[in-house]
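Notes for the structure review
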Amino acid sequence: MITFKIACRNILRNRRRSLMTMSAIAVGATAMLLFGAFMAFLVLGFQTTTVATGGHLSVFRTGYFDYGAGNPAAYGIANYDSVKKLITDDPVLGPLVRVATPRVTLFGIAGNFAVDASKTFMGVGVVPSDREQMADWNDYHLTGHHSDRLPSALRDDDETLGVIGLGLGRILGLCQALAIPDCPPPPESAATDTAPATPDAAPDVAVDISELARRDREPVPARSTSPWPRIDLLAATAGGAPNVVSLSVAQAESQRIKELDDNYVGMHLALAQQLLYGRGEHKVTVLVLQLYHTDDMTGARNRLLALFKEHHLDLEIRDFTELTPQYHQVLGLFGSIFVFIAVIMSVIVLFTVVNTMSMSVMERTNEIGTLRAMGVRRRGIRRQFLMEGLLLGLVGASAGVLLSLIIAAIINQSGVTWMPPGQVTPTPLLLLMSGVPKLIVGTWLGLIVIAALGALVPANRAARMPVVDALRHV
Amino acid sequence: MSEDAGRPAVRLRDVVKTYEDDGLKVTAIDGISLEIQRRRFSMIVGPSGSGKTTLLNLIGCIDTPVSGSVEVNGEAVGALRDDRLTDFRARNIGFVFQNFSLMPVLSAYENIEYPLLLLGVPARERRQRTLAMLDSVGLAAQARHRPNQLSGGQKQRVAIARALVKRPEIVLADEPTANLDSRTGASIIELMRAEQREQATTFIFSTHDPQLMSFAEDTFVIRDGKLIEHRAGAMP
Ligand SMILES: Nc1ncnc2c1ncn2[C@@H]1O[C@H](COP(=O)(O)OP(=O)(O)OP(=O)(O)O)[C@@H](O)[C@H]1O
Ligand SMILES: [Mg+2]
């Protein structure tokens, strides 16, 4: 108690020096926390986007992941409805799973033959209402995160409707029809330049594909009343035969990442199955699970594995971090930047405290001698100076936490936006202090410990001083 | 207590203390043997550099001799480890320094209370004794003042109160009046003399100011680290 009182008063006595030291600690804490909050915003934002579109866990037929794209029929999941039911009815998994939905992933060529444009695409066949529900996932309450999302144009009751990426819409010449922003008409020369280069091949293919399309479409009554522009999707069926379906593009959606934006076609599951499996058995390539909370992922995964084993299902699981390799890269990159900042700040704090406490010990040498003569043990002297370092750390780190909360609040209020790397739409920039409670506590504690460590060396020197020498020092 | 009566407060035997200063060996205490009687007002006198401070440091158990033995209050302090020795000082020895050496961040009251905290005296008793001590050195009105708000004489009164409040066996005062003008110095000596009588403690006091030596009950004269004279009473 007296130690505490003396420590406080000595800190107040050297107000200027204490203030400098505590400022250094506060600035260190602020730098670490603001960067940590920014990092949390990026990582959790990335996670939210990823999970809202692709779910947490993807269940594939064993081998699909490595070989399946080449033979989706062999690696499809046929009994997907019963697998889905098995999962949602499971007493452990059921409560964890927010959405369980089958999907078909496929690749092919999309053509808008009205303007002679075609492009390879990556198609996903989804259950529209499930896709819509998944898109709402926002477990971290990132305000404004989904604000730019329009309600999806896909409908459960209309298999022919589809959505495409903004980039793909532009490439296929659908700028006006889909009201795509920032989409100038192609230069006049482009069409005439390429036409002579392939004088006969291009029209031939177009004829062939439209032939196919007509042939395939005939059994299904065409909904030609649709107000949407139509494109044709060509893909190889499971059997290897070319197959074509027609898609009414109801909407162009931003896919955030350019590569995806230039390739994405979202369609009804049934349409994708028709394209991929033709008249054969309609399977799905993946069963996507979206959980309520990312923290449940490991538990859910283990339970799934047990379930598959128990029912002799030949299925394997990938989580979103495995399917999105950038996730770990982003995490690793920011992690190392954070460590870099933390190390620099810690070293600065350490040296500042060592310096401050050394000066304090020097100035109070005579006092140390007096206290020792009066009967204060070595460890009492050590405790005195440690306490002072600890208090400097405590006040500095607390001020830093407070400061970073205030700065974060100001930045979040001001509505700053930024363009994340590789993305195409500006995103509001938030400093997610609420996303990093452990980081706040850790930084706070860590800096206090560092301040105490910095005080330890001078405190030990003070404790070891021979009493007589200390007393002779005036 | 009564069986202690004949035992001296301090007994030194063949004590030698040397300092190594830049390779130069200085013999500060050169084989001193002496006994200082309990409950006396004893004075160590000698010219500057004669070894008074060194001798008091050895008696006060804050320095150790190169050879010889130091016995304080019947305890052979040379055998004690640092923590034990520190505790021994806390219980038995009060210090008054030439430069007062008060804790600048503590008030007069808190400075006097501090030794009682070290001894773990309960709060109520601590308060009583501290207030009584403040009163007897005539500083009741300055209880809340910090050292920098006190005059030199007042500071030394606080220091005396701080040394006496724990009722130590021995109080050591190394030139306690050297930083005071002669009138203030005289009043400080009188105060110490009065307190020493009242508490019946052993007071050991160093000075080279002949004006103040007249208060001594026992006088030890040292020169060049050697005891050259011991006489009961003051120097003539
Ligand atoms: N730490 C030390 N290192 C080297 N020499 C020292 C040390 N302390 C004391 N001395 C020497 O020992 C001798 C005795 O010193 P001491 O301080 O005991 O004298 P003193 O009688 O108290 O003098 P003063 O009246 O000036 O205070 C002196 O020669 C001094 O220079
Ligand atoms: Mg001296």
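Residues numbered from 1 in each chain as written. Chains lettered and ligands numbered in written order. Predicted model: local features only at pLDDT ≥ 70, side-chain atom pairs only at ≥ 80, totals over all residues. Heavy atoms only, no water.

1. Considering the environment of Glu229(B)
Residues and elements named next belong to chain B. Quick note on the threshold: Here a helix means four or more residues in a row that DSSP labels H or I, a strand means two or more in a row labelled E, and each is numbered from the N terminus. Identification of polar contacts relies on pairs of N or O atoms within 3.5 Å, with a donor-acceptor requirement for protein atoms, meaning one able to donate a hydrogen and the other able to accept it, and with residues adjacent in sequence counted only if both atoms are side-chain atoms.
With respect to the helices, strands and loops of the structure, glutamate 229 is situated in strand S10 (residues 226–232). Each C-alpha atom of the pair glutamate 229 and threonine 219 lies 8.0 Å from the other, and the pair is 10 residues apart in sequence. Only 3.0 Å separates the side chain of glutamate 229 from the side chain of arginine 231, close enough to count as a polar contact.

2. Section: the pairing of strand S6 (residues 242–253) of chain A
Residue and element names in this part refer to chain A. Rule in force here: Relative accessibility under 20% of the residue-type maximum defines a buried residue, over 50% an exposed one, and the middle range a partly exposed one, all with a 1.4 Å probe and only protein chains included. The pairing criterion for strands is at least two bridges between them, as found by DSSP.
By the criterion of burial, S6 is predominantly enclosed, with 11 of the 12 residues buried. As paired elements, strand S4 (residues 161–165) and S6 share 5 bridges and run parallel to each other. When the sheet's bridge partners are listed, leucine 161 is paired in S6 with serine 248. Looking at chain direction, strand S5 (residues 230–236) and S6 are connected through 7 bridges and run antiparallel.

3. Comments concerning the sheet that holds strand S5 (residues 75–76) of chain B
In space, the 4 strands of this open sheet follow the order S2-S1-S4-S5 (chain B), with antiparallel pairing throughout. Each edge of the open sheet is held by one strand with a lone partner, namely strand S2 (24–36) and S5 of chain B.

4. Focus: the site of ligand 1
Selection criterion: Here a residue is near a molecule or strand as soon as one of its heavy atoms is found within 4 Å of it. Using the Shrake-Rupley algorithm and a 1.4 Å probe, accessible areas are obtained, with residue cover drawn only from the displayed protein chains. Residue polarity is assigned by list, with Asp, Glu, Lys and Arg as charged and Ala, Val, Leu, Ile, Met, Phe, Trp, Tyr, Cys and Pro as nonpolar; anything else, Gly included, falls into the polar class.
Residues in contact with ligand 1 amount to 15 residues; listed here are only the nearest, Ser48(B), Gly49(B), Lys52(B), Thr53(B) and Thr54(B). Site remark: ligand 1 is flanked by residues from chains A and B. Within the side chain of Arg472(A), one N or O atom sits 2.9 Å away from a nitrogen atom of ligand 1. The side chain of Thr53(B) places a nitrogen or oxygen atom 2.6 Å from an oxygen atom of ligand 1. Compared with its free state, where it exposes 630 Å², ligand 1 has 75% of that area covered by protein. At the level of elements, strand S1 (10–21), S2 and helix H1 (52–59) of chain B are the ones that each hand at least two residues to the shell around ligand 1. Tallying contributions element by element places H1(B) first for the shell around ligand 1, with 3 residues. Looking at the shell around ligand 1 residue by residue, the class counts come to 4 nonpolar, 7 polar and 4 charged.

5. Looking at the interface of chain B and chain A
Threshold: Working rule for contacts: check all heavy atoms of both residues, and any pair within 4.5 Å makes them a contact. Note on terms: buried area is the combined drop in 1.4 Å-probe accessible area of two parts once they are placed together, counting the loss on both. Counted as salt bridges are all cases of a side-chain nitrogen of Lys or Arg within 4 Å of a carboxyl oxygen of Asp or Glu.
With 27 residues of chain B at the interface, the matching set in chain A holds 22 residues. For the pair chain B and chain A, the summed buried surface comes to about 2,300 Å²; carbon and sulfur atoms form 60% of the total. For the chain B face of the interface with chain A, the top three residues by lost area are Met103(B), Val105(B) and Tyr114(B), together amounting to 22%. The tally of links between chain B and chain A comes to 7 salt bridges. Residues Asp83(B) and Arg379(A) are paired through a salt bridge, measuring 2.8 Å at the closest nitrogen-oxygen approach. At the boundary of chain B with chain A, the tally comes to 11 residue pairs in polar contact (both at pLDDT 80 or more). Among the elements of the structure, helix H2 (82–92) and helix H3 (108–118) of chain B are those that each provide at least two residues to the side of chain B that touches chain A. When its residues are assigned to classes, the side of chain B that touches chain A shows 13 nonpolar, 5 polar and 9 charged.

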